Structures are given as structure tokens and as C-alpha cells.
Amino acid sequence: MALHRRTLLTGAAALPFARPADEAAAQAAAPEAPRPTPDGRPSADLEVLPLWPGPIPGGGGPETGGAAFDESREGVIQRVARPCLLVMRPPRPNGTAVLVAAGGGYRRIDIGHEGLPTAQWLVSLGITAFVLVYRLPGEGWGAGADAPLQDVQRAMRLVRARALRYGIDPGRIGVIGYSAGGHLMGTAAVRFAARVYEPVDEDDALSARPDLAALIYPVITLRPPFDRTSSRRVLVGESPTRFATATYSVETHVRTHSTPTFLAQAADDPVAVVDNCLLMYGALRGADVPAEMHLFERGGHGFGLGVPGSPPAAWPGLFAAWGRRRGFIRA
């Protein structure tokens, strides 16, 4: 049953050359922007899956007057009081599921521009999509910088536990993340075994490891000289220790068992500079983790699925082709 978001609290590497066929598929894959819902909020009336059945690990958080989160008419989320998944199901699920984390510098979550359009595109491929509404560390959470990682680990386990309900193969659950959401999903792909919260029920006995990851213009490192991002300031502060920056940098945790990863970024990105993808690809390659990377000459930051006709618009088709070759996406 779909739950309205306001009632939630009342209940408990490859070279960057694209083949013409893949580019054509990418252009056809980009969906239209989500249509406004009756109350003007893009997430309204979507199925909602709460992450935590009781108290949230570490406590704290913002006061929202009973709402799960605040959302603008453009789909920008802040003041997340109850993290959750927004579910979008295809008419004929193909057994694959993907969790999507939009960016926003860990200060907001832009589901209107990144999360929901990506979910719609995934649904068009027969993939069940889950848009993650994760806690923002600067909103007073006791778990601090670990709060988003707690949420994504819990989300992976919840989806895996409900695979039968959603028609999902529990061995084909992936993640896509943009910008700060790319940092979060990158962290999920390399720190899935980190014990960052105490188990709350039997679902927490399941693996939190994603089976495939796509990181799009991601923040990867918090270490200098590539540490001028909002994500770094929110997660580790203005004058962090080397230990803190290493702990919350994604590339430092890559090991042989890390998740196969797809990377896409524009070389002229002024926010998460291209060195982020280069560092991540180097770490994955050094650990013999399957990886594919595509760098586009132009595109800047925040291109989402890509403006039709622009170079970055190729990435959805390239990712889908890679996922099919790996057996992650099936007809």
C-alpha cells in the first residue's frame, strides 16, 4: 500500500569512447521530467518504504511537525526526519533493482532533477527503482557523518529482504549516485561490511553489498588538494584530521571484494573535479575490481541524465549496455 510521505511518522574501466549504437540508446533512454502531483510535490503519492521500524540509530534530527521530510515544488528535500525509500515499479519487472541517491552536497537532496527522472528511466528498462531519502549529517543527527551510510546499508538490506514482494532477484540489486549521492553510493560499494549501527531486526542479517554501482560526477575523495566540496565540509568539517578525511574518502576503502563500478563525469566539472573519477578508477583497477569509466570533454556538474544531444547524455545507454554485458540487466 502506498503511504503518503506526511503520514510516515505516525507509523512505527574502459576508455571514454562510445559506440554509435550505445549513444543512440542513451539518447532514447532519457525520460521527461516527472509530472507534478496533486499537491505540487514530485514525491507525493509515491509508494514509501520507511527504513527504520523504531528509533533511528544515534537519535537526534530535525523537527518537521510530523512530516517525514520537507520538499519543495522542484523536488528539493531538506529536514529529513524519517529516512525512507520512494518506490517506482515497472509494469513488468525484469528482476533487477536499483537504489538511487541524488546529490546536494549533503545539505539537500535534489530528487526532482536527479532522483525521480533516473527512477523513471530505470522503470522504462523494467528495473524496480528505489529513490533514497537519506539523513543529512548537518541536521542534528547523533550519528553525524555516519548517518547517511547507516541509511544506505539499511536500505540495501530492506530491499534484499523484500525481494519476493517486488519481484527482484536478491543478487541483482545495484546503486546509482550523483555528486554527494555518488559519494554515498561509492561508500556503500566499498564499506558495505562496516558495522555502523546495531542490528534492529532479522533484515539486518542480510548483506548490504550492492551488486553493481554507477557513480555519476561523484565526490570521491575528501583529501587535499581535491577537498573544496560542500560534502567535505559537512562530513569532516573545515579543519579535519588526516584520519577523518581518509575515513570518509571512498578510494581509500577499495578492496578486491568491492562492487563493480561504472563511472561517468565531465572533464570540465568545476565542483567534483575530474580527479575524483580518476582516483576511483585507479583504486578499482589496482584492486582488480571490474570498472568502466567514461569522461566527457564538456558537461560541467549536475547534468543528471544529460541534456539531449550533449555528450553526457550518452552515459545512461553506456551504463545499460555495461549492465547487460555483466548480466545485471536482463530482458
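Everything below is about the structure shown above.
Below is a summary of the structure that appears in this document. Quantities reported herein were computed from a predicted structural model and do not represent experimental measurements. (Residues numbered from 1 in each chain as written. Predicted model: local features only at pLDDT ≥ 70, side-chain atom pairs only at ≥ 80, totals over all residues. Heavy atoms only, no water.)

## Brief notes about the packing of aromatic side chains
Reasoning step 1: If you walk through the whole model with that rule in mind, you get twelve aromatic pairs.
Reasoning step 2: Taking the centre distance of 5.9 Å and the plane angle of 40° together, the rings of Phe 262 and Trp 322 count as tilted. You can see Phe 262 sitting in strand E10 (residues 261-266) and its partner Trp 322 sitting in helix H9 (residues 315-325), a full 60 residues away along the chain. Note on accessibility: Phe 262 and Trp 322 belong to one class, buried.
Reasoning step 3: Ring centres 6.5 Å apart and planes at 45° place the aromatic pair Phe 319 and Trp 322 in the tilted group. (Phe/Tyr/Trp six-rings, centres within 6.5 Å; stacked < 30°, edge-to-face > 60°. Helix = DSSP H or I, 4+ residues; strand = E, 2+ residues; numbered from the N terminus. Buried < 20%, exposed > 50% of the residue type's maximum accessible area, 1.4 Å probe, protein only.)

## What about empty space enclosed by the protein?
Reasoning step 1: Size it by volume and the largest cavity reaches roughly 110 Å³.
Reasoning step 2: For the largest cavity, the lining is made up of 15 residues, of which Ala 145, Leu 149, His 183, Thr 187 and Tyr 248 are closest to its centre.
Reasoning step 3: Looking at the lining of the largest cavity, the elements that each hand over two or more residues are helix H3 (147-161) and helix H5 (180-190).
Reasoning step 4: Here the element with the most residues in the lining of the largest cavity is H5; it accounts for three residues.
Reasoning step 5: In the lining of the largest cavity, the residues fall into eight nonpolar, five polar and two charged. (1 Å grid on protein atoms, 1.4 Å probe; cavity = no way out; pocket = protein on both sides within 12 Å on 5 of 7 lines; lining within 4 Å. Points joined across faces, edges and corners; volume = space filled by probe spheres on them. Nonpolar A, V, L, I, M, F, W, Y, C, P; charged D, E, K, R; others polar.)

## A short note on the pattern of salt bridges
Reasoning step 1: The final tally for this structure, using the stated rule, is 13 salt bridges.
Reasoning step 2: The salt bridge involving Asp 151 is made with Arg 135; its shortest N-O contact spans 2.9 Å. Of this pair, Asp 151 sits in helix H3 while Arg 135 sits in the loop between strand E7 (128-133) and H3, placing them 16 residues apart in sequence. There is no split in this pair, since Asp 151 and Arg 135 are both buried.
Reasoning step 3: Of the charged contacts, one joins Asp 204 and Arg 154 as a salt bridge, the two residues approaching to 3.1 Å between their closest N and O atoms. Of the two residues, Asp 204 sits in the loop between H5 and strand E9 (213-216) while Arg 154 sits in helix H3, which places them 50 residues apart along the sequence. Note on accessibility: Asp 204 and Arg 154 belong to one class, buried.
Reasoning step 4: Among the ionic contacts, a cluster of salt bridges with common partners joins Arg 154, Asp 201 and Asp 204. (Salt bridge = Lys/Arg side-chain N within 4 Å of Asp/Glu carboxyl O.)

## As for the packing of H3 against H5
How two helices sit against one another is set out by the angle between their axes and by the gap between those axes.
Reasoning step 1: The contact between H3 and H5 brings their axes to 10 Å, and the two run at 60°. Between H3 and H5, the angle is such that the two are oblique. The two elements H3 and H5 meet at a crossing, and its hand is right-handed. For the pair H3 and H5, the contacting residues are Pro 148, Leu 149 and Val 152 in the first and Leu 184, Met 185, Thr 187 and Ala 188 in the second.
Reasoning step 2: The class makeup of the residues in the contact of H3 with H5 is six nonpolar, one polar and no charged. (Axes fitted to C-alpha atoms, helices over the stretch in contact; angles between N-to-C directions. Parallel < 35°, antiparallel > 145°, perpendicular 65-115°, else oblique. Left-handed = near helix turned anticlockwise from the far one by under 90°. Contact = heavy atoms within 4.5 Å.)

## Looking at the pairing of strand E11 (residues 291-296)
Within a regular beta strand, the side chains point alternately toward one face of the sheet and then the other, so they alternate between its two faces.
Reasoning step 1: Of all six residues making up E11, five are buried, and the element is well covered by its neighbours.
Reasoning step 2: For E10 and E11, the ladder comprises six bridges, and the chain directions are parallel. Its bridge partner lying in E11, Phe 262 is registered against Glu 292. (Pairing = 2+ DSSP bridges.)

## Quick look at unusual backbone geometry
Reasoning step 1: In this chain, Pro 224 is followed by Pro 225 through a cis amide linkage whose omega measures 10°.
Reasoning step 2: The residue Pro 225 is located in the loop between E9 and helix H6 (230-236) in this model.
Reasoning step 3: At Asp 45, a residue that is not glycine, the phi angle is positive and equals roughly 75°.
Reasoning step 4: Along the chain, Asp 45 falls in the loop between helix H1 (20-29) and strand E1 (47-50).
Reasoning step 5: Not every positive phi belongs to a glycine, and Tyr 217 is a case in point at roughly 35°.
Reasoning step 6: Mapping Tyr 217 onto the fold places it in the loop between E9 and H6.

## Brief notes about the sheet that holds E7
Reasoning step 1: Read across the open sheet, the eight strands follow the order E1-E4-E7-E5-E8-E9-E10-E11; overall the sheet is mixed. Here the strands that pair on one side only, and so sit at the sheet edges, are E1 and E11. Between one strand axis and the next, the sheet turns by 20° as a mean value, whatever way the strands run.
Reasoning step 2: The pairing of strand E5 (residues 97-101) with strand E8 (residues 173-178) spans five bridges and is parallel. Bridged to Val 100 within E8 is Ile 176.
Reasoning step 3: Here H9 sits on the sheet and contacts E8, E9, E10 and E11; the angle it forms with E11, its principal contact strand, is near 165°.

## Description of the sheet that holds strand E2 (residues 70-71)
What links the strands of a sheet is backbone hydrogen bonding, and the strands pair in either a parallel or an antiparallel sense.
Reasoning step 1: Strand order across the open sheet formed by three strands is E2-E3-E6, with antiparallel pairing between neighbours. The open sheet has two edge strands with one neighbour each: E2 and strand E6 (109-110).
Reasoning step 2: With two bridges connecting them, strand E3 (residues 76-78) and E6 associate as antiparallel partners. Bridge assignment links Val 76 to a residue of E6, and that residue is Asp 110.

What is shown is where atoms sit, not what they do.
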